[in-house]
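The residues making up each chain are set out below.
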Amino acid sequence: MTNSSWLTHVRKTMYDNAGISFTQILKRANKTYKKKKGGGKRKIKKIKKSRKNKKNKKIKKKKK
């Protein structure tokens with residue numbers, strides 16, 4: 001139902017400790033929760049593309 005491992009852990013704690021207030025359940029779940037390593041967004045290295053310097057060619061108008 002949920003993709004978050006924290007929420008599934010909270011729901012399991014609620015089921016195991018029926019009749020306790022939600023704040024107490026969150027405190028108990030916080031003590032027993034172990035974070036998983038590796039999840040989250042991956043850092044992607046940005047590739048810098050080299051630009052060719054184009055010289056601006058200005059056409060000079062001759063004044064008469």
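Scroll up to find the structure.
Sequence order as written defines residue numbering, which begins from 1 separately in each chain. For this predicted model, a pLDDT threshold of at least 70 governs which residues receive local features, and a threshold of 80 or more governs which side-chain atom pairs are given and counted, while totals over whole chains, interfaces and linings are taken from all residues. The side-chain numbers reported here are obtained from all heavy atoms of the structure, hydrogens and water having been left aside.

S.K.: What am I meant to see in the overall build of the protein here?
M.R.: Secondary structure elements follow DSSP: runs of H or I of four or more residues count as helices, runs of E of two or more count as strands, with numbering from the N terminus. Helices and strands together make up the secondary structure of the protein, namely two helices and zero strands. For the protein, with 64 residues in total, the buried portion stands at 8%. Relative accessibility decides the category of a residue: with a 1.4 Å probe and only protein chains considered, values under 20% of the type maximum give buried, values over 50% give exposed, and everything between is partly exposed.

S.K.: Is there a simple way to think about the environment of His9 in this case?
M.R.: Mapped onto the secondary structure, His9 falls in helix H1 (residues 5-16). The class for His9 is buried, based on a relative accessible area of 18%. When the C-alpha atoms of His9 and Thr32 are compared, they prove to be 8.9 Å apart, with 23 residues separating the residues in sequence. Note on contacts: a residue pair qualifies if any of its non-hydrogen atoms lie within 4.5 Å across the two residues. In contact with His9, not counting residues within four places along its chain, are Ala29, Thr32 and Tyr33.

S.K.: Explain the packing of H1 against helix H2 (residues 22-32) here, please?
M.R.: A pair of packed helices is characterised by two quantities: the angle between their axes and the separation of those axes. Interaxial distance between H1 and H2 falls to 9 Å at its minimum, and their mutual angle equals 120°. Taken together, the axes of H1 and H2 are oblique relative to one another. Relative to H2, H1 is oriented so that their crossing is right-handed. Between H1, through Trp6, His9, Val10, Thr13 and Met14, and H2, the contact on the second element is made entirely by Phe22, Ile25, Leu26, Arg28, Ala29, Asn30 and Thr32. Note on method: axes are straight lines fitted to C-alpha atoms, helices fitted across the in-contact stretch only, with angles between N-to-C directions ranging 0 to 180 degrees. Throughout this description, any angle smaller than 35 degrees is read as roughly parallel, any larger than 145 degrees as roughly antiparallel, any in the 65 to 115 degree range as roughly perpendicular, and the remainder as oblique. Should the near helix be turned anticlockwise from the far one by less than a right angle, the crossing is termed left-handed; should it be turned clockwise, right-handed.

S.K.: Would you take a moment to explain the environment of Tyr33 for this structure?
M.R.: Mapped onto the elements of the fold, Tyr33 is located in the segment after H2. As a C-alpha pair, Tyr33 and Thr13 span 20 residues in sequence and 10.0 Å in three-dimensional space. In the analysis that follows, any N or O atom pair within 3.5 Å is treated as a polar contact, provided that within protein one partner can donate a hydrogen and the other can accept it, and provided that, for residues neighboring in sequence, both atoms belong to side chains. In terms of polar contacts, Tyr33 uses its side chain to reach the side chain of Ser5, at 2.8 Å.

In short, shape yes, function no, at least from these values alone.
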